[in-house]
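Fold and contact review
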Amino acid sequence: MKKLLLTAAITLTMPFAAHAGSEFVEGDATFAGEAELGATLTTGNTDTSSFKARLALKQELGNWENQYVLEGLYKEDTEEVTAKRYFLGVQGDYQINDVSYLFANTNYEVDPFTGYDFTSTTSAGYGHRFIDTDRMSLKAEAGPGYIYQQLDEESALAEGYDSDDSIVAHAVIDFQTKISDSSKFQQRFIADWGSKLDARSETSLTANIVGALAMKFAVIVRYNSEPLDDKESTDTETNMTLLYAF
């Protein structure tokens, strides 16, 4: 039996009154963003499908730089859903000077395969740019935060409680460098440490294909130091997507 492997990507665009381009222009009131999509379909002896989509927007308004992220992941194997995750994040950065800023963010994630109906995280603090050149950047953020997790019905019955919350120490390290004029490497690490450690590491390599269209390869590792019963502490996600910058 033949198996059909289909990888497709679409370009997502949004009309903005402000100028939009492939590079974010600091100091101007402007929008810029990236849209990416990957899909894999297999038919024949095995019917599988997976979809990964992400839309990231950046906006500058005077001393404020705002970021908006929307992500979705869906996988199905022989009509059985094996992965489903949705993420929405918003962050505002207030620029103190060229290298320092204050930040505030809030995130909402739905991932039923962790045993939680949803996870909500809010944090605020101080950020610093250690390196900020045309070819390389390194910045870090740290501050207090709050995490709230709602257990699903099955996990709540097994654990004896229906929600979990904690004050956390929130930290981010973000490193980017251009390998060449057409390729970029990025390593981003996020940690929330309170009654337990919730962390996420994303390693990605982006290579331009033509114009603003690029291919992106990413490995995402999520870690929970105290997972619910019968759940794994580490989840790994590997994606190959097409990315369009605007």
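The rules behind these values
- Residues numbered from 1 in each chain as written.
- Predicted model: local features only at pLDDT ≥ 70, side-chain atom pairs only at ≥ 80, totals over all residues.
- Heavy atoms only, no water.
- Helix = DSSP H or I, 4+ residues; strand = E, 2+ residues; numbered from the N terminus.
- Buried < 20%, exposed > 50% of the residue type's maximum accessible area, 1.4 Å probe, protein only.
- Contact = heavy atoms within 4.5 Å.
- Phe/Tyr/Trp six-rings, centres within 6.5 Å; stacked < 30°, edge-to-face > 60°.
- Pairing = 2+ DSSP bridges.
- Patch = residues over 30% accessible without salt bridge, like charges linked within 9 Å, V, L, I, M, F, W, Y side chains within 5 Å.
- Areas by Shrake-Rupley, 256 points an atom, 1.4 Å probe, with all protein chains shown as cover.
- Salt bridge = Lys/Arg side-chain N within 4 Å of Asp/Glu carboxyl O.
- 1 Å grid on protein atoms, 1.4 Å probe; cavity = no way out; pocket = protein on both sides within 12 Å on 5 of 7 lines; lining within 4 Å.
- Points joined across faces, edges and corners; volume = space filled by probe spheres on them.
- Nonpolar A, V, L, I, M, F, W, Y, C, P; charged D, E, K, R; others polar.
- Lys, Arg positive; Asp, Glu negative; His and termini not counted.
- Charge placed at Lys NZ, Arg CZ, Asp CG, Glu CD.
- pLDDT = per-residue confidence, 0-100.

If you look the chain up in an unreviewed UniProt entry, it shows as DUF481 domain-containing protein from Shewanella livingstonensis.

The next point concerns the environment of Leu-213. Positionally, Leu-213 belongs in strand E12 (residues 213-224). For Leu-213, a relative accessible area of 26% corresponds to the partly exposed category. In contact with Leu-213, not counting residues within four places along its chain, are Asn-208, Leu-243 and Tyr-244.

Going through the model one piece at a time under the given rule, you end up with four aromatic pairs. Within the aromatic cluster, the residues linked to one another by ring pairs are Tyr-108, Phe-118 and Tyr-148.

The next subject is the environment of Ala-35. Note that Ala-35 resides in strand E2 (residues 30-42). Note on Ala-35: relative accessible area 1%, which makes it buried. Once the C-alpha coordinates of Ala-35 and Ala-56 are considered, the two residues, 21 residues apart in sequence, prove to be 6.5 Å apart.

Now for the pairing of strand E13 (residues 234-245). By the bridge criterion, four bridges tie E2 to E13 in an arrangement that is antiparallel. Directly across from Glu-36, in E13, lies its bridge partner Leu-243. Note that E12 and E13 share eleven bridges and pair antiparallel. In the sheet register, Leu-213 faces E13, and the bridge partner there is Tyr-244.

So, about a nonpolar patch on the surface. Side chains of Ile-179, Leu-205, Ile-209, Val-210, Met-215, Phe-217 and Met-240 sit close together on the surface and give an oily, nonpolar patch of about 640 Å² of accessible area. Breaking the nonpolar patch down by element, the ones donating at least two residues are strand E11 (197-210) and E12. Here the element with the most residues in the nonpolar patch is E11; it accounts for three residues. Here Met-240 is to be found in strand E13. Residue class for Met-240 comes out partly exposed when judged on its relative accessible area of 48%.

This part is about the layout of surface pockets. In this structure, the second largest pocket occupies an estimated 170 Å³ of space. As for the second largest pocket, its lining consists of 13 residues, and the residues nearest its centre are Gly-38, Thr-40, Ser-50, Asn-239 and Met-240. Among the secondary structure elements, those contributing two or more residues to the lining of the second largest pocket are E2, strand E3 (48-61), strand E4 (64-77) and E13. Classifying every residue of the lining of the second largest pocket by side-chain character gives four nonpolar, seven polar and two charged.

Turning our eyes to something else, we now look at a negative patch on the surface. Taken together, the side chains of Asp-47, Asp-77, Glu-79 and Glu-80 define an acidic patch exposed on the protein surface. Inspection of the secondary structure assignment puts Asp-47 in the loop between E2 and E3.

Relative to strand E7 (residues 116-132), strand E6 (residues 100-110) runs antiparallel, the two being bridged by ten bridges. Note that in E7 the partner of Glu-109 across the bridge is Thr-119. Connecting E6 to the next strand, E7, in antiparallel fashion are five residues, including Gly-115 with a positive phi near 95°. Both E7 and strand E8 (residues 136-151) contribute to a ladder of 13 bridges, which runs antiparallel. Pairing of Tyr-116 across the sheet is with Leu-151, part of E8. As consecutive antiparallel partners, E7 and E8 are separated by three residues.

Right, let's get into the confidence of the model for the chain. When pLDDT is averaged across the chain, the result is 86; 87% of the residues are at 70 or more. Across the chain, the secondary-structure element scoring lowest on mean pLDDT is strand E1 (residues 6-7), at 35, and the one scoring highest is E6, at 97. Note on residues 1-25: pLDDT under 50 across the span, and 53 contacts to partners over four residues away in sequence or across chains.

Okay, empty space enclosed by the protein next. The tally for this structure, following the rule as stated, stands at two cavities of 30 Å³ or more. Roughly 50 Å³ of volume is contained in the largest cavity. Forming the boundary of the largest cavity are Glu-36, Lys-52, Arg-54, Glu-71, Arg-200, Glu-202, Lys-216, Ala-218, Ile-220, Asn-239 and Thr-241. Put simply, the parts of the chain that give the lining of the largest cavity at least two residues each are E3, E11, E12 and E13. With three residues, the top contributor of residues to the lining of the largest cavity is E12. The class makeup of the residues in the lining of the largest cavity is two nonpolar, two polar and seven charged. Lining the second largest cavity, in full, are Lys-52, Glu-71, Gly-72, Leu-73, Arg-85, Arg-222 and Glu-237. Sort the elements by how many residues they give to the lining of the second largest cavity and E4 lands first, with three residues. Across the lining of the second largest cavity, the residue classes tally to one nonpolar, one polar and five charged.

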